Amino acid sequence: MRIPQFLSSSFWLVFGGLVASIPFRAEPLDAQTTTGTIRGMIKASDGKPVASAEVIAKNIGTGVQRSTTSRADGLYTLPGLTPASYDLTVRRIGSGAQTRRVVVQIGATQIQDFTLEERAVELQEIVVEAAPTAETRTSEVATNVTQAQIAKLPTPSRNFLDLAQLTPGVTVTEDRINGFTRTFSAGGQGPNTVNVFVDGTSLKNDLTGGGVAGQDASRGNPFPRNAIQEYRVISQNFKAEYQKASSAIITATTKTGSNVWSGNATFGLQTKGLLALDSFQIKDKNANPTTFKKPDYKRYLAAVGIGGPIIKDRLHLFGSYEGNYQDRSNRVDFGTIPTGFPALDTVNLAQYNGNFTSPFRETLLFGKLSYAVSPKSSAELSISNRHETDIRDFGGTASFQQAVNFRNNVTLAGLKYNLFGGGWLNEAALSYSRFRRNPSPNTPGLPNRLYEISGDRVIGSNLSVQDFIQRRFGIRDDLTYTGFRAAGEHVFKVGANIDFVKYDVHKGNDETPRFRYNAAYAYATPYLLRYGTGNADLDANNNQIGLYIQDDWTPFPQLTLNLGIRWDYESHMLNYDYVTPQIVVDTLTRYNSQLPTPLDLNRFISTGNNRKPFYGAFQPRLGFAFAVDKESKTTIFGGFGIYYDRSLFDIAIDETLKLSHPTFEIQFAQRGATPGPGQVAWQDSYLTADKATLDALVHTSGKPEAWLIDKDVKVPKSRQWNLGVRQILGDFAVSATYAGVRGVDQLTLNWAQFGLNPDGSCCVSFDLNPHGFSNFIYSANDAKTWYDALQIQIDRPYRRSALNTVGWGAGLAYTYAERSLQGVDNLGDLFAFPNATNIPKHPSNDEKHRIVANGILDLPFLYGVQLSSLVTLGGKIRLDVGCPARFCGIGTSGNQYERGGFTVPGGTFPYRNLDLRLRKDFPNIGRYSLGLTVDVFNAFNRNNLGCWRTGNRNDTDFGTAACVVTDARRAQLGAEINF
């Protein structure tokens with residue numbers, strides 16, 4: 001096949017390293033994961049296909065045009081369109097031109113058919129205003145979150161991922177005043193299995209948990225919301241072009257400047273005066289009316305975005321800033337301190353009590369240049385930066401000295417160049433990302449002292465310094481061809497990506513010495529030291545390669561088949577060149593037969609060359625969509641796919657770091673006492689000793705643990721399938737889907753020196769301490785997940801009436817799901833004590849029913865007033881009573897383990913949350929407009945209870961809640977200026 005000339009020129013220079021020579025000019029097209037498509041047929045009034053009709057799509061914001069011509073069968077396709085509103089015009093000599101307004105959404109295909117009237121000469125265009133059309137001809141289970149929903153629905157922190165919950169089967173961790181994580185999950189699996197793409201660049205976190213870079217331990221936002229145009233949540237059956245996710249993905253596209261300079265500035269404010277008290281705070285207030293103090297709190301959300309033309313119809317600029325500034329007050333209260341202990345009087349723990357500020361600061365910056373090079377090519381350059389600090393992890397019985405300064409930084413840069421002509425579309429992209437996760441003590445240099453007083457009272461520096469850095473340089477190319485016909489119409493797409501990734505890790509856990517005190521030693525001297533030392537640094541290079549091919553085949557107009565396959569490879573997902581230290585080999589070899597869980601030493605002793613990268617990540621993706629009627633108002637769809645994820649690099653490096661930087665425990669004798677077996681004489685100088693002294697101390701008798709990674713470790717994956725029906729009912733799109741997911745080969749960590757007794761109780765063990773080790777931790781791929789769900793979705797996109805005065809939109813997502821887990825006790829927990837084979841299949845996250853509804857309404861009788869809402873209802877949850885027999889004993893009275901023995905009280909939906917927003921827009925003054933907003937979150941001040949006490953049915957507090965899982969009612973005041 002002869003390569004078209006336009007494909008052999010400037011595009012190929014990208015891969016020749018001559019990026020600088022690319023002739024910049026063209027329509028701003030986004031990468032493969034962030035564009036939309038318009039397809040259709042041109043017919044004459046007699047129903048015959050019309051060939052050679054010109055089809056022009058003009059972006060009404062930028063003025064940039066794309067065009068194609070219909071083929072002999074009347075079909076046309078315009079792929080790779082930036083999500084926006086377009087004027088779609090069809091022209092042909094001898095026929096009247098027709099123009100209609102079409103809204104292209106991210107990842108969606110619009111079907112737009114035209115019937116041309118024959119005329120003697122071409123007359124004036126016939127313009128038809130077409131409303132946004134719901135996508136029906138897709139096998140994906142997906143939800144498009146529109147700009148109207150992003151801008152108008154109430155969200156407390158401006159995190160654009162909050163609205164992912166509008167998709168059935170997707171849950172999002174809530175914004176909490178004292179929350180520390182903002183992740184999402186789907187398909188009965190944890191957040192590690194998701195991925196997010198922004199303008200085609202993956203935000204996958206290879207190093208630590210959370211799925212998305214920067215989200216596993218942050219209350220911040222992954223990207224400025226005012227820079228997001230819209231995004232698509234695909235919870236099932238995503239195509240072969242997407243990688244590194246086994247449950248759900250989000251693909252977002254950013255805003256582009258238009259032909260008119262415009263912008264907006266927003267500001268939001270929350271203070272403690274706008275917060276209600278939850279039931280536990282009220283109880284505390286009633287019990288302590290004179291000493292109770294409402295915690296200080298304030299949050300400022302500021303955002304500015306501006307865009308416009310540098311060269312009209314050619315070069316456009318968009319930039320944005322967002323700031324998220326929060327101050328919380330954490331109360332430190334050590335409670336009643338025991339008397340009769342002079343050492344405690346000397347320390348004076350009460351001096352650490354008080355209220356201390358916990359500040360959080362986040363700055364988000366984004367800039368984008370879009371250049372229309374020619375009618376056949378386009379270029380785009382974008383840069384974003386996220387910087388945040390968070391002083392946290394103190395309060396209660398942990399002093400302010402315990403605070404962590406949690407630094408989080410994410411930088412993204414992308415350059416894209418696109419060529420299109422005839423039936424070809426080529427999208428090339430270069431990307432760079434840098435992710436840094438850096439928690440460290442906010443007050444370093446103090447010994448950590450823990451006093452066991454009815455719980456723990458802690459003073460001194462935080463324990464650990466971590467610095468995880470992930471750098472990624474990626475090259476990607478996607479080629480689409482729409483001109484092939486054989487037994488129907490085909491849209492072929494092939495693509496390749498290679499990412500050069502470098503990991504730099506410092507994992508200095510327990511580098512602050514922790515001394516533990518108890519009453520047995522009269523709190524005068526510590527009885528235990530826990531201290532980590534050694535080399536905490538590790539770096540590695542990892543090359544990631546992905547290849548795919550897919551065909552969207554339409555054998556006849558009412559049927560579309562999606563056929564694709566993907567292959568992924570990583571050169572250094574795990575420590576393939578790791579050599580097990582000889583002392584570990586010798587100990588394993590000598591005592592393996594005596595371990596409760598003997599290991600296959602050929603698998604768990606690494607020689608440096610017996611581990612091989614995984615080459616078998618072939619992932620077929622199959623789907624279909626069949627339109628029952630010609631108008632595609634009723635569509636049956638379904639699909640099946642295999643999806644590989646990846647193992648976290650953080651787990652693999654502990655195989656090295658647990659030995660190169662071990663944590664030791666040293667037991668002390670009381671002052672003046674002769675040390676017993678395994679004890680060391682206490683010296684007061686240890687409290688202020690330098691690193692060399694403590695290193696020498698712990699190496700005298702401390703015991704490290706060894707982690708053993710299976711050389712045949714598997715890559716986690718899932719199998720997904722779905723079957724459903726979509727129906728268009730007027731302005732509403734309705735769908736009902738059965739979705740099934742089976743997650744397999746999930747990684748677990750197990751104990752080799754522990755096992756269960758013959759009666760199933762815990763534990764038989766082998767003492768490794770005399771042989772130089774505290775634990776042998778070995779990996780397995782025994783965890784599995786099951787997910788089966790009925791998902792119903794109803795959506796009516798927001799739009800205004802023809803008079804531009806009344807507008808409304810609404811949506812509902814309902815999920816009925818069964819979720820189960822095997823091999824670990826809790827979803828997302830890697831540790832399976834004593835091993836995964838002892839943990840049977842059991843319900844997990846057992847909420848059967850969940851409803852999420854949203855609505856936007858322009859109130860017609862109140863000029864300029866708009867009401868919007870977000871409602872979440874969670875159904876009954878069953879909790880286990882007691883604890884597994886392996887921990888609590890077989891047949892113990894009152895504490896017998898009962899699977900699902902306690903049902904959370906509170907009616908059909910014990911969890912209920914209503915968020916409201918009221919907005920008032922004032923008359924424009926020239927180009928300026930002002931809007932004021934009032935948001936109310938948990939408007940009915942619902943006590944959504946959690947932390948249920950189900951340990952023992954004989955306990956007086958059995959079946960009561962110990963916390964709330966949503967904050968009490970809080971209001972937010974805001975303003976927006978558009979110009």
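Residues numbered from 1 in each chain as written. Predicted model: local features only at pLDDT ≥ 70, side-chain atom pairs only at ≥ 80, totals over all residues. Heavy atoms only, no water.

1. What about the sheet that holds strand β15 (residues 228–236)?
Piece 1. Sheet architecture is open: five strands sit in the order β10-β15-β16-β13-β14, paired in mixed fashion. Each of the sheet's edge strands pairs with one partner strand only, and the pair in question is β10 (141–145) and β14 (201–202). (Pairing = 2+ DSSP bridges. Helix = DSSP H or I, 4+ residues; strand = E, 2+ residues; numbered from the N terminus.)

2. Focus on the state of the cysteines
Piece 1. In the structure shown here, the tally under the stated rule is two disulfides.
Piece 2. What pairs with C762 in a disulfide is C763, and their sulfur atoms sit 1.3 Å apart. Taking the sign of the torsion about the S-S bond as the criterion, the disulfide between C762 and C763, at about -80 degrees, is left-handed.
Piece 3. Relative accessible area serves as the criterion here: at 25%, C763 is assigned to the partly exposed category.
Piece 4. The disulfide that involves C947 links it to C963, with 2.0 Å between the sulfurs. Its S-S torsion of approximately 85 degrees makes the covalent link between C947 and C963 right-handed. Here the residue C947 occupies a position in strand β50 (residues 945–948), and C963 occupies one in strand β51 (residues 961–964), the gap between them amounting to 16 residues.
Piece 5. The class for C947 is partly exposed, based on a relative accessible area of 46%.
Piece 6. The class of C963 is buried, set by a relative accessible area of 17%. (Disulfide = S-S within 2.5 Å. Buried < 20%, exposed > 50% of the residue type's maximum accessible area, 1.4 Å probe, protein only.)

3. Some remarks on the nonpolar core
When a protein is soluble and globular, its nonpolar side chains tend to lie buried together.
Piece 1. Grouped together as the largest cluster of nonpolar side chains are 36 residues, with contacts concentrated most on F160, L163, F184, V196, F223, Y231 and I250.
Piece 2. Those elements giving two or more residues to this core turn out to be α1 (147–152), β11 (170–172), β12 (184–186), β13 (195–198), β15, β16 (249–254), β22 (404–421) and β44 (849–858).
Piece 3. When residues of this core are assigned to their parent elements, the largest contribution, three residues, is made by β15.
Piece 4. Counting 27 residues, the second-largest nonpolar core is a separate cluster that includes L344, I459, I666 and L697. (Core = buried A, V, L, I, M, F, W, Y, C linked by side-chain atoms within 4.5 Å.)

4. Quick notes on the sheet that holds strand β34 (residues 663–668)
Piece 1. Strand order in the open sheet formed by six strands is β25-β24-β28-β29-β34-β35, with mixed pairing between adjacent strands. Strands with a single pairing partner mark the edges of an open sheet, and in this sheet they are β25 (456–459) and β35 (679–680).
Piece 2. Judged from the two bridges that link them, β34 and β35 form a sheet pairing that is parallel. The residue bridging F668 from the neighbouring strand is V680, located in β35.
Piece 3. Its contacts with the sheet put helix α7 (residues 691–701) on β29 (528–532), β34 and β35, and the angle it makes with β29 is roughly 110 degrees. (Contact = heavy atoms within 4.5 Å. Axes fitted to C-alpha atoms, helices over the stretch in contact; angles between N-to-C directions.)

5. A word on the pairing of β25
Piece 1. Strand direction decides the pairing type here: strand β24 (residues 448–452) and β25, joined by four bridges, are antiparallel. Its bridge partner being in β25, L450 is matched across the sheet by V458.
Piece 2. Turn length for the β24-β25 hairpin, with the two strands adjacent in sequence and antiparallel, is three residues, and the turn residue S454 shows positive phi of about 45 degrees.

6. Some thoughts on empty space enclosed by the protein
Piece 1. All told, the structure shown has ten cavities of 30 Å³ or more when counted by the stated rule.
Piece 2. The calculated volume of the largest cavity comes to roughly 320 Å³.
Piece 3. Around the largest cavity, the lining comprises 30 residues; the ones closest to its centre are D199, G200, T201, S202 and S431.
Piece 4. Listed by contribution, the elements that provide at least two residues to the lining of the largest cavity are β13, β14, β21 (377–392), β22, β23 (424–441), β26 (465–481) and β27 (489–508).
Piece 5. Take the lining of the largest cavity: its biggest share by element is five residues, from β22.
Piece 6. Residues of the lining of the largest cavity, tallied by class, amount to 13 nonpolar, twelve polar and five charged.
Piece 7. Estimated volume of the second largest cavity: approximately 180 Å³.
Piece 8. At the level of secondary structure, the elements contributing two or more residues to the lining of the second largest cavity comprise β27, β30 (537–556) and β31 (559–570). (1 Å grid on protein atoms, 1.4 Å probe; cavity = no way out; pocket = protein on both sides within 12 Å on 5 of 7 lines; lining within 4 Å. Points joined across faces, edges and corners; volume = space filled by probe spheres on them. Nonpolar A, V, L, I, M, F, W, Y, C, P; charged D, E, K, R; others polar.)

7. Here we look at the pairing of strand β49 (residues 929–937)
Where a strand is regular, its side chains alternate between the two sheet faces.
Piece 1. Along β49, the buried face is formed by S929, G931, T933, D935 and F937; none of L930, L932, V934 and V936, which line the opposite face, is buried.
Piece 2. Taken together, the six bridges between strand β48 (residues 911–921) and β49 define a ladder with antiparallel strand orientation. Among the inter-strand pairings, D921 is bridged to a residue of β49, identified as G931.

8. Considering the packing of aromatic side chains
Piece 1. Applying the stated criterion across every chain yields a total of 37 aromatic pairs.
Piece 2. Arranged with centres 5.2 Å apart and planes meeting at 20 degrees, the rings of Y569 and Y615 form a pair that is stacked. Linking Y569 in strand β31 with Y615 in the loop between α5 (601–604) and β32 (617–627), this pair joins segments that are 46 residues apart in sequence.
Piece 3. The class for Y569 is buried, based on a relative accessible area of 15%. (Phe/Tyr/Trp six-rings, centres within 6.5 Å; stacked < 30°, edge-to-face > 60°.)

9. Description of the pattern of salt bridges
Piece 1. Within the structure shown, the criterion is met by 62 salt bridges.
Piece 2. One salt bridge in this structure joins R603 and D710, with 2.3 Å as the shortest N-O distance. Taken together, the residues span a long stretch of sequence, with R603 in helix α5 and D710 in the loop between β36 (706–708) and β37 (717–729) at a distance of 107 residues.
Piece 3. Judged by its relative accessible area of 33%, R603 is partly exposed. (Salt bridge = Lys/Arg side-chain N within 4 Å of Asp/Glu carboxyl O.)

10. Things to note about unusual backbone geometry
Piece 1. Residues C762 and C763 are joined by a peptide bond in cis, for which omega reads 0 degrees.
Piece 2. Along the chain, C763 turns up in strand β40 (residues 762–765).
Piece 3. At the junction of F833 and P834, the peptide bond is cis and its omega measures out at -10 degrees in the coordinates.
Piece 4. Following the sequence through the fold, P834 ends up in the loop between β42 (807–822) and β43 (842–843).
Piece 5. Even without a glycine there, the phi angle at N845 is positive, about 50 degrees.
Piece 6. Position of N845 relative to the elements: it lies in the loop between β43 and β44.

11. Some details on the confidence of the model for the protein
Low pLDDT marks stretches whose predicted atomic positions should not be read closely.
Piece 1. Residues of the protein with pLDDT of at least 70 account for 94%, and the chain-wide mean is 89.
Piece 2. In this model, residues 120–131 is a region of pLDDT below 50 whose contacts with residues beyond four sequence positions or in other chains number 23 contacts. (pLDDT = per-residue confidence, 0-100.)

12. A short note on α7
Piece 1. Residues L694, D695, L697 and V698 constitute the buried set of α7. The arc that holds every buried residue of α7, seen down its axis, measures 165 degrees, which confines them to one face. Exposed residues pointing more than 90 degrees away from the buried face of α7 are listed as A692, H699 and T700.
Piece 2. In the core, the buried residues of α7 are packed alongside β29, β34 and β35. (Arc of directions from axis to C-beta.)

13. Observations concerning the environment of F958
Piece 1. Tracing the sequence through the fold places F958 in the loop between β50 and β51.
Piece 2. Assessed through its relative accessible area of 18%, F958 is described here as buried.
Piece 3. With 77 residues separating them in the primary sequence, F958 and V881 have C-alpha atoms 9.5 Å apart.
Piece 4. Once you skip the residues sitting within four places of it in the chain, F958 turns out to touch V881, F902, R949, T950, N952 and R953.

14. Some points on the side chain of N854
Piece 1. Relative to the elements of secondary structure, N854 occurs in strand β44.
Piece 2. Note on N854: relative accessible area 9%, which makes it buried.
Piece 3. Setting aside its immediate chain neighbours within four residues, N854 contacts Q149, L153, L166, G809, A810, G811, S869 and L870.

15. A few points about the environment of F484
Piece 1. Considering the arrangement of structural elements, one finds F484 in the loop between β26 and β27.
Piece 2. F484 sits 61 residues away from G423 along the chain, and the two C-alpha atoms are 8.4 Å apart.
Piece 3. For F484, the residues in contact, after removing those within four places along its chain, are E489, H490 and F492.

16. A closer look at the environment of N448
Piece 1. Its location among the elements puts N448 in strand β24.
Piece 2. Once the C-alpha coordinates of N448 and G36 are considered, the two residues, 412 residues apart in sequence, prove to be 56 Å apart.
Piece 3. When near neighbours in sequence (up to four residues on either side) are disregarded, N448 contacts Q402, V458, I459, G460, S461, L463, T512, P513, R514 and F515.
Piece 4. Separated by 2.9 Å, the side chain of N448 and the backbone oxygen of S461 make a polar contact.
Piece 5. Here the side chain of N448 touches R514 through a polar contact of 2.7 Å, side chain to side chain. (Polar contact = N/O pair within 3.5 Å; in protein donor to acceptor, adjacent residues only side chain to side chain.)

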